[in-house]
Number of protein chains: 2
Amino acid sequence: MRTGGVLNILGKLLILLSLFLLTPIPFSIYFGDGMSRIFIFSAFLGFLVGGSLIIAFLPDKELGYRDGFAVVVLSWLGLAFLGALPYYFSGHMNSIVDCYFESMSGFTTTGSTILAQVEILPKSLLFWRAVTHWLGGMGIIVLSLAVLPLLGVGGMQLFQAEMPGPTKDRLAPRMQDTARILWGVYVLFTLVETFLLMLGGLDLYDALCHAFATLATGGFSTHSASVGYFNSTYVEVVVILFMFIAGTNFSLHYQSVLNKRPSAYWRNEEFRYYSKLCCFAVGVIVIANLFHHTCDSFGETLRTAFFQVVSIITTTGFGTADFDQWPPVCKVLLVSLMFVGGCAGSTGGGIKVFRIILFLKYSRLQLRHLVHTRAVGTIKIDNVKVPNEVKIGILGFFSLYIAVLVTATLIVTATGVDIVTGTTSVIATLNNIGPGLHLVGPAQNFGDLPGLAKCVLIFCMLAGRLELYTVAVLMTPDFWKMARKPVFRSYFYPVKKIESKIHA
Amino acid sequence: MRTGGVLNILGKLLILLSLFLLTPIPFSIYFGDGMSRIFIFSAFLGFLVGGSLIIAFLPDKELGYRDGFAVVVLSWLGLAFLGALPYYFSGHMNSIVDCYFESMSGFTTTGSTILAQVEILPKSLLFWRAVTHWLGGMGIIVLSLAVLPLLGVGGMQLFQAEMPGPTKDRLAPRMQDTARILWGVYVLFTLVETFLLMLGGLDLYDALCHAFATLATGGFSTHSASVGYFNSTYVEVVVILFMFIAGTNFSLHYQSVLNKRPSAYWRNEEFRYYSKLCCFAVGVIVIANLFHHTCDSFGETLRTAFFQVVSIITTTGFGTADFDQWPPVCKVLLVSLMFVGGCAGSTGGGIKVFRIILFLKYSRLQLRHLVHTRAVGTIKIDNVKVPNEVKIGILGFFSLYIAVLVTATLIVTATGVDIVTGTTSVIATLNNIGPGLHLVGPAQNFGDLPGLAKCVLIFCMLAGRLELYTVAVLMTPDFWKMARKPVFRSYFYPVKKIESKIHA
């Protein structure tokens, strides 16, 4: 690993985030909550540290495949720390662990909160929570690839490490163009949703915050009652629609909507499966709730079921109802959907529909093998044969996933948390959803968990957002054997400069 | 599928089981519980139906690979039904579903019971419960291959379908000899344990019942307090030892003990992993229980922890303590161990240690791939490269396993069972363990579950015992497309006989 080059990029990303740290200031001034100073100070610290890193370490043109993992993990850790500063300085949270939890939950679009009442936070700080979602949803590194030529590396490595997914859609020959298209679609949808929400009576502030949280499949709201606060069918329908959109592959949006080929949606096997799964889950929940008389009317049941299913499957985590009060079968179904997640290439977390389809096709193939012993089977998705590496990669993914799930649950319950809370808190963070069941249910929060449990859950959020491999690779000894000493800039060590010039 | 030939074998197996139905009669006479009539009548029905099937259908020498699946599943369903008759006629159970549940739980060595107090059953009926364990543990079809040449098929197909496992150890060139060796080792260990338990003060009846349940990794006891009833450290240690033995590959016992090469144990990677995993789990549970002051002394904690870990990992399900009262981390650990199961080729259920090792090696390989992009990786167990089919088969197994787990849990909770009970009852039956948590915890029973839930759990037990594929294959439409009409014996349809002679 080329430590110097990696730290140089981290510096640049810190400066980019510092710019975003200034965005809540207009709201702070408008609402007069006195947070402007804090945002400016946090941004200043970001500029300071980022600038120092850029000055201290040379950029490295030869950053490789491996360095991509280090850049991404280190950046996410660092950016989440910078993003936690406004919470810390505001004095509304007890400890730096809580602030880091909230910040990481934002960037990873998890949406788990340690706050019992979000309304106690200044409004501009709640806006910052929404901004962290939005930046983390499509990926701040992907954004930097789209807007800044300054990273100095090809970008493919970083792009792959931050948007790992089982499939790679290269929309344009140059990585920068692909990143631009994805962020373009993302910004466009955000603006459309903001506009539609404002039509529903929300002010710009609420509309923007909820659009950020929806498109990023985050789940932070500006109200403790989440989207249920607005008590408006129109708003709920808009949010359902855009959560569903956010859980779809963004390349598919580009091909379908922007290229005016709407049939592309239905021709995509993953999208078909994703839609059918939503409808099936809604059906089961409606029947179970009607049977148990949990809701008042059929219309309300249907709307609530749709909202909750789409919110969970896309790993958004918005709530309009406390599903912890629903019949057991609904809870099991929702917990199962937590694992599914959105489509590959969406902003949703979880295992991803693509992997689930492949998984199911595998078992069907295996059964066919047993019936017709000599049948040669291939697995196809969208009539394209799935390459062998993808299949092996998916087996590895599942095994890592289960290993992380079990280990994290063991540690969290070892801190004394009960079994349902412990298990579902890990599931909810590893899949970047937000709420779990029992003590971390939709009407509860993560604030009362022990510090160690919070740290484990922070790790789960990051591992989930980066789809395990990127984080796991950094935990192998092999990776660190290859790390090199950082190359400082010449004015610290003149000899090094001469060396590097000779090698160049 | 050759339906006639399959039904002919079923007939032979029913007769074999009818012979075993006579074994509790000596105990019935000794204890004077008046059950002799019932056992004789049940056996008579078995002879009658079995005899009719043999007379009605011709044996088929050409039974193939596919027919093996049908023979095994049909036989297990039929034998469990015959085994349920004594419960039903005794009048101690409410419904035929309860009887079938108890019988299937016996044959599949699950050990889940619908009885709150087992002592209310006549002693000879409790002996029959233990016999069903013992027959199901090594497999009644494997037994029939060992002792009867009458099945008329090569046996390899049946052997594979009843002992599916990821590995095949052919101990002798002829399948009949392999089956004999395995059953021989099994009988020997049973006799040794019975003797050791009698040394500990148990009478022949209790010793035999517990030896049957231990070696089969079943879990039925003749007392509601399970092995805890004897309140003897010696008895517990003997049971721990033999549960551990039963969870080990029986081929390994043959190679090690009977061939006097004890080092073979430690040279086996699966055995090493299995032993280490037990020790790790015991360590965690001892620390957690000492920390929470759940047990009185260190010695008691250690003994209870060892007993419970080995009981769960081998999927026996014997209890000496109500682990539902333990700290959450212990419960999570025990539930995780429920999935592991014993070694391949043991009588234990679950996923099997072999598959878990392969699973973990896969993720390690995948991580190595990501660090050294061009590294060519192979997975070895015991320094032998794992063939590709085994790897693909394991991915298929996991995907089926999760599909069954989720579907079954959804149906069970849909009947109104709470989430912890529903989830752990499926886990406990699919892995052939016995007790779950909450309403089906070690101190509770399955009696109060709704009928539909019991039926789903019966399916889970069978699917788990036959390691999914055998049952799943029968549920594919492809399989049934190949079914042929049965060939009846000539005196029913003389024309058929002539036909079959022509074809022969």
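Before any of the text, the structure's been laid out above.
Given the structure is predicted, the values throughout are model-derived calculations rather than measurements.

With respect to the relation of the copies chain B and chain A
Thought 1: With an RMSD of 0.0 Å, the fit of chain B onto chain A corresponds to turning through 180° and sliding 0.0 Å along the axis. The transformation just described matches what one would write down for a two-fold rotation axis. Distance from the rotation axis, computed per C-alpha, reaches its smallest value in chain B at B:Leu395: 3.3 Å.
Thought 2: Both copies share a contact surface, since 100% of the interface residues of chain B are interface residues in chain A too.

Focus on the state of the cysteines
Thought 1: As enumerated under the stated definition, the model contains zero disulfides over all chains in all.
Thought 2: Not part of a disulfide, A:Cys279 finds its nearest cysteine sulfur in A:Cys278, a span of 6.6 Å.
Thought 3: In this structure A:Cys279 comes out as partly exposed when scored by relative accessible area, which is 49%.
Thought 4: As a non-bridged cysteine, B:Cys455 has B:Cys460 as the owner of its nearest cysteine sulfur, 11 Å distant.

Some details on the interface of chain B and chain A
Thought 1: Contacts between the two partners involve 47 residues from chain B, matched on the other side by 47 residues from chain A.
Thought 2: Looking at the side of chain B facing chain A, the largest losses of area belong to B:Leu370, B:Val371 and B:Leu395, adding up to 15% of the total buried there.
Thought 3: Between chain B and chain A we count zero salt bridges in total.
Thought 4: Scanning the region where chain B abuts chain A turns up four residue pairs in polar contact (both at pLDDT 80 or more).
Thought 5: Contributions of two or more residues to the side of chain B that touches chain A are made by α4 (65-90), α16 (328-340), α17 (353-371), α18 (388-414), α19 (419-430), α21 (469-473) and α22 (477-481) of chain B.
Thought 6: With 14 residues, α18(B) is the largest single contributor of residues to the side of chain B that touches chain A.

As for the packing of aromatic side chains
All names here are of chain A.
Thought 1: On inspection of all chains with the given rule, the structure shows 57 aromatic pairs over all chains.
Thought 2: Both rings, one in Trp134 and one in Tyr186, keep their centres 5.5 Å apart while their planes meet at 10°; by these two values the pair is stacked. One end of the pair, Trp134, is in helix α6 (residues 123-138); the other, Tyr186, is in helix α9 (residues 175-199), and 52 residues separate them in sequence.
Thought 3: Overall, Tyr186 belongs to the buried group, its relative accessible area being 0%.
Thought 4: For the ring pair Trp183 and Tyr186, a centre distance of 5.0 Å and an interplane angle of 90° mean the geometry is edge-to-face. One end of the pair, Trp183, and the other, Tyr186, are both in helix α9, three residues apart, so they sit about a helical turn from each other. Each member of the pair, Trp183 as well as Tyr186, is classed as buried.
Thought 5: The structure contains a cluster of three or more aromatic residues connected by ring pairs, namely Phe27, Tyr30, Phe31, Phe127, Trp134, Trp183, Tyr186, Phe189, Tyr205, Phe212, Phe242 and Phe250.
Thought 6: The ring of Phe397 is capped by Arg355, whose NZ or CZ atom sits 3.7 Å from the centre of that ring.

Here is what the cut-offs are and how they apply
- Residues numbered from 1 in each chain as written.
- Chains lettered and ligands numbered in written order.
- Predicted model: local features only at pLDDT ≥ 70, side-chain atom pairs only at ≥ 80, totals over all residues.
- Heavy atoms only, no water.
- Least-squares fit on C-alpha atoms with pLDDT ≥ 70 in both.
- Contact = heavy atoms within 4.5 Å.
- Disulfide = S-S within 2.5 Å.
- Buried < 20%, exposed > 50% of the residue type's maximum accessible area, 1.4 Å probe, protein only.
- Buried area = accessible area lost by both parts, 1.4 Å probe.
- Salt bridge = Lys/Arg side-chain N within 4 Å of Asp/Glu carboxyl O.
- Polar contact = N/O pair within 3.5 Å; in protein donor to acceptor, adjacent residues only side chain to side chain.
- Helix = DSSP H or I, 4+ residues; strand = E, 2+ residues; numbered from the N terminus.
- Phe/Tyr/Trp six-rings, centres within 6.5 Å; stacked < 30°, edge-to-face > 60°.
- Lys NZ or Arg CZ within 6 Å of the ring centre and 35° of its normal.

Everything listed is a geometric property; what it means functionally is a separate question.
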